Amino acid sequence: MKIITHTVKPKIPEALAPLEEIAHNLWLSWNFEAIMLFIRLDYDVWLQSAQNPAKMLGMVSQERYEELAQDDSYLAALKEVYAKFQRYRAGETWYEGSREETVAYFSMEYGLDVSLPTYSGGLGILSGDHMKTASDMGLPLVGVGLLYRQGYFKQYLNPDGFQQESYPENDWYNMPVHRCLDQSGAPVKIAVEMAGRLVAAQIWEVKVGRSSLYLLDTNIEENGPEERTITAALYGGDKETRIRQELLLGVGGIRALRALGINVAVTHMNEGHSAFLALERIREVMHERTFSFAEAAQAVMATNVFTTHTPVPAGNERFSLDLMEKYFRSWAAELGLAWHDFLALGRERPDDHAEHFCMTVFALKLSAYANGVSRLHGEVSRTMWKGLWPGLPVAEVPIGSVTNGVHPRTWVSHNMLELLDRYFGPRFYDEPANLEMWERMDRISDEELWRTHERRRERLVVFARDRIKRAARRAGAGEGALLRAEDALSPYALTISFARRFATYKRGNLLLADPDRLIRLLSDRDRPVQIIFAGKAHPHDLPGKELIKELVHFSRRDEVQSRIVFLEDYDMTMARYLTSGSDVWLNTPRRPLEASGTSGMKAGMNGVLNCSVLDGWWAEAYAEHGPAIGWAIGSGEMYADEELQDAIESQALYDLLEREIVPRFYQRGRDGLPREWIKTMKASMRVVGKEYSSHRMLKEYSERFYFPALENARRLKEAGYGPARELAAYLEKARRAWPSLAVSDLRVDARPVMERGDVVTASALVELGGLTPDEVAVELYYGPLSSQDAIEKPHRLVMEATERHGSAWEYRVKVSCLETGKQGYALRVLPRHSALVDPFVAGLVRWA
C-alpha cells in the first residue's frame, strides 16, 4: 500500500507564537513559570497530552487560542517567560573559553523530561542532568544518543501484583524534537556498515536550553525491516540488537556530528555502550594523516573520557566472539590489525582466546581519562580493573572518581524553589554554578521551610491517591477499592519512600524482614508512619518482579492497608513528587553494589532526609557530615553471608526508625514545629545542594578532563599530530626495551633509628635496556609501613641520574624523615615522554 505523507502544524496566533519555541526547548522542563503557561493554556489538554507541551499545541482548540490571544494577563505572563528564556540563552555563563572545538557526550539514554521518554532509570536521568547543566554553564558540549520508537516500557501490575509491561509507540512529530535538515531542506543522514550491509540513520535534534542533543533513528525507508528495528526499543532485543545499537551510537554518532559540521575534539563515553566511537575516530585520523593504528590511537586516546557506572564484573557489557567476528572482521582489516590484536583491545587477558570482548575494557584501553561515579565506586573500579595495569598498586590504577550530581532546578520542587529564590536572591538563578548560594540556608525561617515541606507532602498524597485510583480503574476494581484509594495515606503522617529500580541487590523488601515489628510501626495511632514504594524491575528480571509482588501482597494486609502502598509506573513525574514530598528517603543496597545513586541527592536538596546503607554517594556524604544530615544503616560493613547481612541491617533499620527517626519527627514544640528535624533538613539542603549539585559535577569534569583533553586536541592539531606519532614510536621502543630493564644495588643510608628531620640518601643502579635517562622516570616510592609490611600512603620522588657505570646509570635522591614510625623504601621505573597524559602505561612498570 502506497501512503503519501505530510505534516500538519497547529495554527497559533502571532501573539502566542513564542509558545511553539518554548514548547520545543526543554529549558521549560526546569522553569516552572514556562510549564504554567501550558497548564493555563488548557489544563485538561495538558493532562491528556501526558504533560507534553509540543503535543498539546496541536490538541488545543482554535477557539481557545483566539481567546488567549486577547487575554492581557496570559499575554503578560507569556511575554515575561519568553524574555526570561531569551535572557538565559544570551546571558553570561561560567564557561567563557573558545567554542571552536566541541566536547561530544555519548549516552545510551537521556532522561530530560516526561515528554521525551528516551530513558529507563538512573543512567538516563544523569545524562539528562548532564545536558541541562552543560547548558547552564555554557560549556561547548553536545549530546549524542538514539531515538527509540518505543522508549522504555510502561509498568502495570496484574491482580496478583506481578509486573506486566506495555510498549507504547512514540510519535516524534508531536514531541520536542525536530529532524536535522541540510541546506536543500532534505534530512541529514549517515550510514554505518553492519555485517556487510549499510544501515542508514537520520538525525533528530533536541534543544536543551543553550545545548543540543542529537539522536539517531534507523526507522526510515532506506532500511529494510530488520535494520529499522535497531532503534525500536531502549535495551530491547537480544545481544545482536545490542551490538548493532552500540555500533550505531558510537560509529554513527561520530559520523552524524561530522555530517552536521560540528568540530568534535573530545568525546565522553557515559558507560561503555558508545565505546566503538574510538574506532571511528582512529579510522578518521589514519585516513587523514596516513597514520598507523598505533599512531592514530595515541592521538585519539588523549581526547577520550570514559565514565564507568558498573560496580560488578558481570554487569559490564561483553560480546561473544561470533558476534565480534560478524560485525568487526572488516574493521580489523581496515585498521591494519591482526584479528587477535583487535580482540585484545577488549580483553583483560589478551592471550585468552576464549575471552569475550568487554566494552569497559575496550573503553579503558583507549581513554586517557577514566572515572567511577563516587569515591567508593572509584575504589571498587580500581580493584576490579587492576589487572589491566600489572605491577601497579591498586590506589594508582588510573581510574579516578567524579561523584554524580543532580540538576537542582529540575529536581527541587517549584514551591521550594520559590522559597529559595526569595531568600537566596537573584544570583541563585543567574549564577547556577555559584554553589556558595547554598550557604544561605539559615536565612530561611523554620516556619516557612516547614510550611513549604508540608505543602509538598500534601501534594504527594493527592498524587499518590490519584495514581492508585487510576491503577484500580484499569484493573476493573469495584467501588470499595476506589473508596479505599481515596483514603490511602495521610497528609500528616511521617512518610518514608523507597523508589528505584527493583533489582535484588537494592533489597526493596528489607523492611519486611520482621513483619510484626513493621506492623507495629505502621499501626501506631499516636505517631503514624506510612511507606510508599515505587519502581520497575527489568522485564527479564523475575526475582525483581517477585520483590514487587511480595510488597504488594504485604500492602494488602488489613493491619497496614492505606499505610503502605506501591505506586505503578515510576517515572520522572512521580520521582519529583516523591523526592519533594516524602520525609525520609530510604536506600538499602548491598554495599558496594550501588555505584552512586542520585535519588537521595534529589531528596536531600528538597529537605527530605536520607536513611541509607553507606554505599555510593551517601558513603562519602555521611563520612564528611555524619548524622547532622541524615542516618546511616550500619557502619559500612560488608558480609560474605547475605542472609546474615539482611538480618543485621534490617534490625539496624528498625532500631533507627523506632529510636531516632520517628521520635525526632514527632518531637514538637509549643508552636507545633519539629525544630530538630528542621535543623537536619537545613543541613541536608545546604550540604547536598552545594556538594552534590550537577554544577559541581560538571566543574570537576571540565577542570579535570574536558579542558585538559581540549588542550591536548589543540596541541596535537597545531603540531600536525606529530606528538602522537612520536609517542607511538617511543612506546614501541619502550616495550622492546622493557624486558632488558633492570634495577640493582638499591641502597638507603638510613640508620636503624632516625630522628624526624634527618635526611636519607637513596641510590640505585638502573640498566635502561637501550633507553636514555630522559626516556624513563626512576622513582623512589616510600612511606610508613603497615603491619603487613606494605607501604601505606606512599610518597613519590623522581630520582636523578648522576653517573654512568658502563651500560647502567646511578640514580640518587635525598629524602627528609618527616613521618614517625617504621618506614619503607622501594624503587620503580616508569616510561617518560612529554606527550604521555598519564605515566602509568599498561605493562610498563618495573620494580626493584
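Residues numbered from 1 in each chain as written. Predicted model: local features only at pLDDT ≥ 70, side-chain atom pairs only at ≥ 80, totals over all residues. Heavy atoms only, no water.

Caption draft 1: Highlighting the overall build of the protein. If you tally the helices and strands in the protein, you get 29 helices and 28 strands. Computed over C-alpha atoms, the radius of gyration of the protein comes to 29 Å, within 12% of the 29 Å expected from 2.2 N^0.38 for 848 residues, which places it in the range of a compact globule. Once the C-alpha set of the protein is aligned to its principal axes, its extents read approximately 95 × 70 × 50 Å. Counting only residues that meet the buried cut, the protein has 58% of its 848 residues in that class. Expressed as a percentage of contacts within the protein between residues at least 6 apart in sequence, the contacts between residues at least 24 apart total 72%. With the model as given, the accessible surface of the protein reaches about 34800 Å², and the carbon-plus-sulfur share is 49%. Between the centroid of the 103 positive side chains of the protein and the centroid of its 117 negative side chains there is a distance of 1 Å. (Helix = DSSP H or I, 4+ residues; strand = E, 2+ residues; numbered from the N terminus. Rg over C-alpha atoms; globule rule 2.2 N^0.38 Å. Buried < 20%, exposed > 50% of the residue type's maximum accessible area, 1.4 Å probe, protein only. Contact = heavy atoms within 4.5 Å. Areas by Shrake-Rupley, 256 points an atom, 1.4 Å probe, with all protein chains shown as cover. Lys, Arg positive; Asp, Glu negative; His and termini not counted. Charge placed at Lys NZ, Arg CZ, Asp CG, Glu CD.)

Caption draft 2: Here's a closer look at the pairing of strand β25 (residues 800–805). Looking at chain direction, β25 and strand β26 (residues 808–816) are connected through 5 bridges and run antiparallel. Paired with Arg804 across the two strands is Trp809, which belongs to β26. (Pairing = 2+ DSSP bridges.)

Caption draft 3: Looking closely at the packing of helix α17 (residues 414–424) against helix α19 (residues 446–474). Axis separation between α17 and α19 bottoms out at 9 Å; the angle between their running directions is 165 degrees. Considering their axes alone, α17 and α19 lie roughly antiparallel with respect to each other. In this structure, α17 meets α19 at a crossing whose hand is right-handed. Counting all contacts with α17, which are made through His414, Asn415, Met416, Leu419, Arg422 and Tyr423, the residues of α19 involved are Glu448, Leu449, Thr452, Arg455, Arg456 and Arg459. Considering only residue class, the contact of α17 with α19 consists of 4 nonpolar, 3 polar and 5 charged. (Axes fitted to C-alpha atoms, helices over the stretch in contact; angles between N-to-C directions. Parallel < 35°, antiparallel > 145°, perpendicular 65-115°, else oblique. Left-handed = near helix turned anticlockwise from the far one by under 90°. Nonpolar A, V, L, I, M, F, W, Y, C, P; charged D, E, K, R; others polar.)

Caption draft 4: Looking closely at the packing of α19 against helix α23 (residues 572–581). Their axes nearest at 8 Å, the elements α19 and α23 cross at an angle of 140 degrees. If you check the angle between α19 and α23, you find them oblique. The element α19 and its partner α23 pack so that their crossing is left-handed. Residues His453, Arg456, Arg457, Arg459, Leu460, Phe463 and Arg467 of α19 pack against Thr573, Met574, Tyr577, Leu578, Ser580 and Gly581 of α23.

Caption draft 5: Highlighting the pattern of salt bridges. Evaluation of the coordinates by the stated rule reveals 67 salt bridges. The residue Glu227 makes a salt bridge to Arg244 at a minimum N-O spacing of 3.8 Å. Placement of Glu227 in helix α8 (residues 225–228) and of Arg244 in helix α9 (residues 239–259) is noted, with a sequence separation of 17 residues between them. Here Glu227 and Arg244 have matching classes, each one buried. Salt-bridge contacts for Lys326 lead to Glu240; the nearest nitrogen and oxygen are separated by 2.6 Å. Taken together, the residues span a long stretch of sequence, with Lys326 in helix α12 (residues 321–335) and Glu240 in helix α9 at a distance of 86 residues. In this structure Lys326 comes out as partly exposed when scored by relative accessible area, which is 45%. (Salt bridge = Lys/Arg side-chain N within 4 Å of Asp/Glu carboxyl O.)

Caption draft 6: Up close: the pairing of strand β19 (residues 609–613). By the criterion of burial, β19 is predominantly enclosed, with 5 of the 5 residues buried. Here strand β18 (residues 584–587) pairs with β19 via 4 bridges, running parallel. Of the residues in β19, the one forming a bridge with Trp585 is Asn610. Note: β19 against strand β20 (residues 630–633), 4 bridges, orientation parallel. Pairing of Ser612 across the sheet is with Ala632, part of β20. Considered for its hand, the β-α-β crossover made up of β19, helix α25 (residues 616–625) and β20 is right-handed. (Right-handed = clockwise from strand over helix to strand, strands pointing away.)

Caption draft 7: Expanded view of the packing of aromatic side chains. Evaluated as defined, the whole model comprises 36 aromatic pairs. Taking the centre distance of 5.3 Å and the plane angle of 50 degrees together, the rings of Phe357 and Phe362 count as tilted. By relative accessible area, Phe357 is classed as buried at 1%. Classification of Phe362 by relative accessible area gives buried; the value is 1%. By the ring-pair criterion, three or more aromatic residues cluster together here, those being Phe276, Phe328, Trp339, Phe342, Phe357 and Phe362. Positioned above the aromatic ring of Tyr429, the side-chain terminus of Lys84 is 4.2 Å from the ring centre. Its end group placed over the ring of Trp411, Arg576 keeps NZ or CZ at 5.4 Å from the ring centre. (Phe/Tyr/Trp six-rings, centres within 6.5 Å; stacked < 30°, edge-to-face > 60°. Lys NZ or Arg CZ within 6 Å of the ring centre and 35° of its normal.)

Everything listed here is a matter of coordinates, which is why it stays silent on function.
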